[in-house]
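One-letter residues, chain by chain:
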Amino acid sequence: MRSELELKQDIVEVGRRMWLRGYVAANDGNISVRIGTDEFLCTPTGVSKGFMTPEMIIKVNSGGEVLSGEVQPSSELKMHLRAYRERPDVNAIVHAHPPVSTAFAVAGIPLNKKFLPEVIVTLGEIPLADYATPSTDEVPEAIAELVKDHDAVLLANHGALTLGSDVFNAYYKLETMEHYANISLAAKQIGGERELPSERIAQLMEVREKMGIKGAYPEFGKD
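Here goes a summary of the coordinates provided. Every value quoted in this text rests on a predicted model; they were computed, and no experiment measured them. (Residues numbered from 1 in each chain as written. Predicted model: local features only at pLDDT ≥ 70, side-chain atom pairs only at ≥ 80, totals over all residues. Heavy atoms only, no water.)

**A closer look at the overall build of the protein**
So, step 1. A tally of regular secondary structure across the protein gives seven helices and eight strands.
So, step 2. Whereas a compact globule of 223 residues would reach a radius of gyration of roughly 17 Å, the protein reaches 17 Å, a difference of no more than 12%.
So, step 3. Expressed as lengths along the three principal axes of its C-alpha atoms, the size of the protein is roughly 55 × 35 × 30 Å.
So, step 4. Across the 223 residues of the protein, 47% fall into the buried class.
So, step 5. In the protein, once contacts between residues fewer than 6 apart in sequence are set aside, the share between residues at least 24 apart is 65%.
So, step 6. Side chains of the protein give 23 positive and 32 negative charges; the mean places of these two sets differ by 4 Å. (Helix = DSSP H or I, 4+ residues; strand = E, 2+ residues; numbered from the N terminus. Rg over C-alpha atoms; globule rule 2.2 N^0.38 Å. Buried < 20%, exposed > 50% of the residue type's maximum accessible area, 1.4 Å probe, protein only. Contact = heavy atoms within 4.5 Å. Lys, Arg positive; Asp, Glu negative; His and termini not counted. Charge placed at Lys NZ, Arg CZ, Asp CG, Glu CD.)

**Description of empty space enclosed by the protein**
So, step 1. In this structure the tally under the stated criterion is three cavities of 30 Å³ or more.
So, step 2. Lining the largest cavity, in full, are Ala-129, Asp-130, Tyr-131, Ala-132, Val-139, Ala-142, Ile-143, Leu-155, Ala-156 and His-158. (1 Å grid on protein atoms, 1.4 Å probe; cavity = no way out; pocket = protein on both sides within 12 Å on 5 of 7 lines; lining within 4 Å. Points joined across faces, edges and corners; volume = space filled by probe spheres on them.)

**So, the packing of aromatic side chains**
So, step 1. Inspection of every chain in the model, using the stated rule, returns five aromatic pairs.
So, step 2. Measuring from ring centre to ring centre gives 5.1 Å for Phe-115 and Tyr-180, while their planes differ by 45 degrees; the resulting arrangement is tilted. Remark: Tyr-180 occurs in helix H6 (residues 167-189) and Phe-115 occurs in the loop between helix H3 (99-107) and helix H4 (117-122); sequence separation between them is 65 residues. Across the pair, exposure class does not vary: Phe-115 and Tyr-180 are buried alike.
So, step 3. With centroids separated by 5.9 Å and ring planes inclined at 55 degrees, the aromatic side chains of Tyr-171 and Tyr-172 adopt a geometry described as tilted.
So, step 4. Its relative accessible area of 0% is what places Tyr-171 among the buried residues. (Phe/Tyr/Trp six-rings, centres within 6.5 Å; stacked < 30°, edge-to-face > 60°.)

**Quick word on a nonpolar patch on the surface**
So, step 1. The grouping of Trp-19, Leu-20 and Phe-51 at the surface amounts to a nonpolar patch, some 320 Å² of accessible area in total.
So, step 2. If you trace the backbone, Leu-20 turns up in helix H1 (residues 4-20).
So, step 3. Leu-20 sits in the exposed class, given a relative accessible area of 52%. (Patch = residues over 30% accessible without salt bridge, like charges linked within 9 Å, V, L, I, M, F, W, Y side chains within 5 Å. Areas by Shrake-Rupley, 256 points an atom, 1.4 Å probe, with all protein chains shown as cover. Salt bridge = Lys/Arg side-chain N within 4 Å of Asp/Glu carboxyl O.)

**Thoughts on the sheet that holds strand E6 (residues 128-129)**
So, step 1. Across the sheet, which stays open at both edges, the eight strands sit in the order E4-E3-E2-E1-E5-E8-E7-E6 with mixed pairing between neighbours. For this open sheet the edge positions go to strand E4 (66-68) and E6, each flanked by a neighbour on one side alone.
So, step 2. Direction of pairing for strand E1 (residues 30-36) relative to strand E5 (residues 92-96): antiparallel, over a ladder of four bridges. In the sheet register, Asn-30 faces E5, and the bridge partner there is His-95.
So, step 3. In the packing of helix H2 (residues 77-86) onto the sheet, contacts are made with E1, strand E2 (39-42), strand E3 (58-60), E5, strand E7 (152-155) and strand E8 (159-164), and the angle to E1 comes to roughly 40 degrees.
So, step 4. Seen against the sheet, H3 touches E6, E7 and E8 and runs at an angle of roughly 60 degrees to E7. (Pairing = 2+ DSSP bridges. Axes fitted to C-alpha atoms, helices over the stretch in contact; angles between N-to-C directions.)

Written out as structure tokens, the structure is:
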């Protein structure tokens, strides 16, 4: 089991990667990790994710109360805490604004085309949550039902949210989603995505099941 300091260092590293890849700008985005039944580490408000240090990471409880740390947590902490409540199997959450995925969210288009085997197996459908004003109680309500069955969600006119077994797992899902969005956009420009036939999708769902990957993909395997 990783120590609290090591988990803080992991959060800092993931924040740096998000910033370097252009998934966040200025002080955008937030990251959290579950460290106990009622304790979470999270990123502070007003700090660039590319310039954090382990000392900046805050510890909070499930009510959002600060247990340790000198700065206030991100205003989007309520969204993270609601996702943890809905998904006891999840230990880390990443929220960012990857440009192409966010463009789909702004256009009101979910990432649900069935054309990339790796995405079918690892993420499945990436739904679009209804618009909610950032930092308000509307946001956790908007994502509550979707995160029960999905590890990646687009936030209308806002950004994206990914959930994982640890902070790197959640971050890699963010990378996968943005890669998928880039390919989808390019395919649309040269004729449109050609989806896999239902029998091929069913085979991929069997692979997904053997790998023990949870989460619904209700439309997969259907014509």
